[in-house]
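Commentary on secondary and tertiary structure
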Protein chains: 2
Amino acid sequence: MQAAATEHLHWFAANGATGLLDPIAPGVCPGSDTSHLALLGYDPEAVYTGRGPFEAAGVGIDMKPGDVAFRANWATVDLGWRIMDRRAGRIREGTDRLAASLNTRVEDIDVLCRAGTEHRAALVFRGPGLDPRVTDTDPHADRARVLPAKALHPDAEKTARILNEFQKRAHGIMVSHDVNRERVGASRPPANMILTRGAGVFPHISMFGAKYELSAAAIAGVALIKGICRSVGLELIDVPGATGGLDSDFAAKARAAVEALGTRDFVFVSVKAPDLCGHDGKSMEKVEVLERIDKQMFGYLHGHLPADAILAVTGDHSTPCERKDHSGDPVPLLVFGEGVRSDDTRAFDEVSAMRGGLGRLRGRDLMPLVLDLADRSAKYGA
Amino acid sequence: MQAAATEHLHWFAANGATGLLDPIAPGVCPGSDTSHLALLGYDPEAVYTGRGPFEAAGVGIDMKPGDVAFRANWATVDLGWRIMDRRAGRIREGTDRLAASLNTRVEDIDVLCRAGTEHRAALVFRGPGLDPRVTDTDPHADRARVLPAKALHPDAEKTARILNEFQKRAHGIMVSHDVNRERVGASRPPANMILTRGAGVFPHISMFGAKYELSAAAIAGVALIKGICRSVGLELIDVPGATGGLDSDFAAKARAAVEALGTRDFVFVSVKAPDLCGHDGKSMEKVEVLERIDKQMFGYLHGHLPADAILAVTGDHSTPCERKDHSGDPVPLLVFGEGVRSDDTRAFDEVSAMRGGLGRLRGRDLMPLVLDLADRSAKYGA
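Residues numbered from 1 in each chain as written. Chains lettered and ligands numbered in written order. Predicted model: local features only at pLDDT ≥ 70, side-chain atom pairs only at ≥ 80, totals over all residues. Heavy atoms only, no water.

This next bit is on the interface of chain A and chain B. Contact with chain A, which involves 31 residues of that partner, is made by 21 residues of chain B. For the pairing of chain A and chain B, the buried interface totals around 2000 Å² over both sides, and the portion due to carbon and sulfur atoms is 49%. When the buried area of chain A at its contact with chain B is split by residue, A:Arg323, A:Met354 and A:Arg360 rank highest and sum to 27% of it. Along the contact surface separating chain A from chain B lie 6 salt bridges. One salt bridge in this structure joins A:Arg323 and B:Asp372, with 3.1 Å as the shortest N-O distance. Only helix H2 (32–39), helix H3 (44–47) and strand S13 (360–362) of chain A provide two or more residues apiece to the side of chain A that touches chain B. At 3 residues, H2(A) tops the list of elements feeding residues into the side of chain A that touches chain B. Looking at the side of chain A that touches chain B residue by residue, the classes come out as 12 nonpolar, 8 polar and 11 charged. (Contact = heavy atoms within 4.5 Å. Buried area = accessible area lost by both parts, 1.4 Å probe. Salt bridge = Lys/Arg side-chain N within 4 Å of Asp/Glu carboxyl O. Helix = DSSP H or I, 4+ residues; strand = E, 2+ residues; numbered from the N terminus. Nonpolar A, V, L, I, M, F, W, Y, C, P; charged D, E, K, R; others polar.)

The next point concerns the relation of the copies chain A and chain B. Superposing chain A onto chain B takes a rotation of 125° combined with a translation of 0.1 Å along the rotation axis, leaving an RMSD of 0.2 Å. The transformation just described matches what one would write down for a three-fold rotation axis. Minimal C-alpha distance to the rotation axis in chain A is attained by A:Gly359, lying at 3.6 Å. (Least-squares fit on C-alpha atoms with pLDDT ≥ 70 in both.)

Moving on, we come to the packing of helix H11 (residues 273–280) of chain A against helix H12 (residues 283–304) of chain A. All names here are of chain A. The interhelical angle for the contact between H11 and H12, taken along N-to-C directions, is 175°, at an axis separation of 9 Å. When the axes of H11 and H12 are compared, the pair comes out roughly antiparallel. Here Ala273, Pro274, Cys277 and Gly278 of H11 come into contact with H12, specifically with Glu285, Lys286, Val289, Leu290 and Ile293. By residue class, the composition of the contact of H11 with H12 is 6 nonpolar, 1 polar and 2 charged. (Axes fitted to C-alpha atoms, helices over the stretch in contact; angles between N-to-C directions. Parallel < 35°, antiparallel > 145°, perpendicular 65-115°, else oblique.)

Quick look at the structure:
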């Protein structure tokens, strides 16, 4: 962020307060799911059973008790199930049709598959005797072989068996699928395998609106984040053009957020693009998209944020380009609005935030902080 | 540290990041044992049962379940068991022979005694029906009388009785011991009493190497710290000249640490000398030894630290000369290495660290922090 000329964020920083935020705890490298739960005020230790259920919720599958859900990737494998591309060339077209072709039954288990954005999908197993304690079939690396699912507990042996059988069957269906014939014809990597990870059951979570006595909504492009928002009961506002990619319509998201604040107490807005650049190690693209987000989103907010609104800006984790993955570094936090005690920072970036007046907070401190700034905190004691 | 010209530490601070660290929590005055446990990533509330077991481990006694261990001091008492010197003139010579003479049996309990450095020793009781809930016989002050051990719980009455009987017998043995005849002849305070404190049983601790998936070693001169390292499974590297005193060979410790990093992932190095000066209230000696440590240890590290190493420098507690004992003040923390987000502090001392970019952390945050900086953190979530 130091490299990006984000004049509107700098303005909010200069007129608000900044600090560092550890989404989970200092040095702990967060996943996007555990971190979003913490930022929304939940204890991941208590409510997080795996990524799968949130992915399933994000693509619109309503889970039932006993279901086991997985995050899935469309991938390209060779004849020996060696992975050529874990994201099948970031496939976009035809994934709905691919997913529909995989809705099947293995033994007495119904398999539900639904596509998310690009290479992302969710898979839900429904039926008797399932258990989420199985290993990932996704080896998390190109050029590795697809892993067989293994039971981590005797109760999960059936689930592992069903998963392995499903992958064999799915491969057969996908290899000859029209979507892939078209892709191969166009010299693009076919989505001929589905990789699974993050098995979990649907967690018991208190609803956000009731927990904080807020009417609350969310705007997000990525299935996992949508799923977390849906799972905690945030109303999802659909914004055309909000793709969760670098091409997302940031201005439209900002306009939709301000509009939503006309009728709601709380709006959560997720932006995925800088994280994608971090995972791909593309530092210049990261700077460019940060500047675009600043101009299109915070420029709009600068002129249109309701006078009584509290604005909080932070990240769910760092994704340093040099690591191409999340890190446990703290993220900068900015709060702006009436009643915020302004500090003397003049910029919004990782190093300026080190000197910020908010000091170093944790993800779970954020909701109490903004509720209090919005004059909505309940007194603890008398 | 503000008074010390520590150019190499300042260089590391200028090129790394600093902050404040509360070993346990803000304002909590830590013992060296609880603090080291926290710095190594353990919860003292869960694993700390008393100082005794770590002292025993530090002097090489392998404890068994049911044993009760004590930290012990060689002390000088008068005829009425009033303490003339709690450290028997920081006795150095002959303590092994003194300890050997105290290996005895009281009722059905075997007593094992072993000397540590200077006035320090450890005592282990082995046999049926022991319980660590007994009071210290060490009054922790010169000119006070040796205290009788009292049971803090009915189950510990036998242990208190054995301890009181042992001290009587030990006094008799020590009064006439050759070592003390020599000391009295040389006008030095005799070690004619053994004072006990910190009774505890051996705790259940997960091993450091398995916990963090690191091959790990430690370099320390003092028995208590050695004992903690041994107890968590750190391999102790013996460095000739590393005495744990003001005369310790700091350069040799630094060389041994760098050498150890050639074959290990993690090396912990303990330096005791500044704490000794604090306990003795000798501020000028503290400045002098800090400068010597800077030159001999950090000067060497400055030139020889492997390029991919993460260096973390901190204390287990403050020992202000004006208090002559530990305090609950936070200690400065410095991290240096590739991937560390450098802040704008240019010096390594207690007050500069207040403005450091790391903010204020706790002892138990340190291991997650350095693991993440070393690209060794596991992602929590997805």
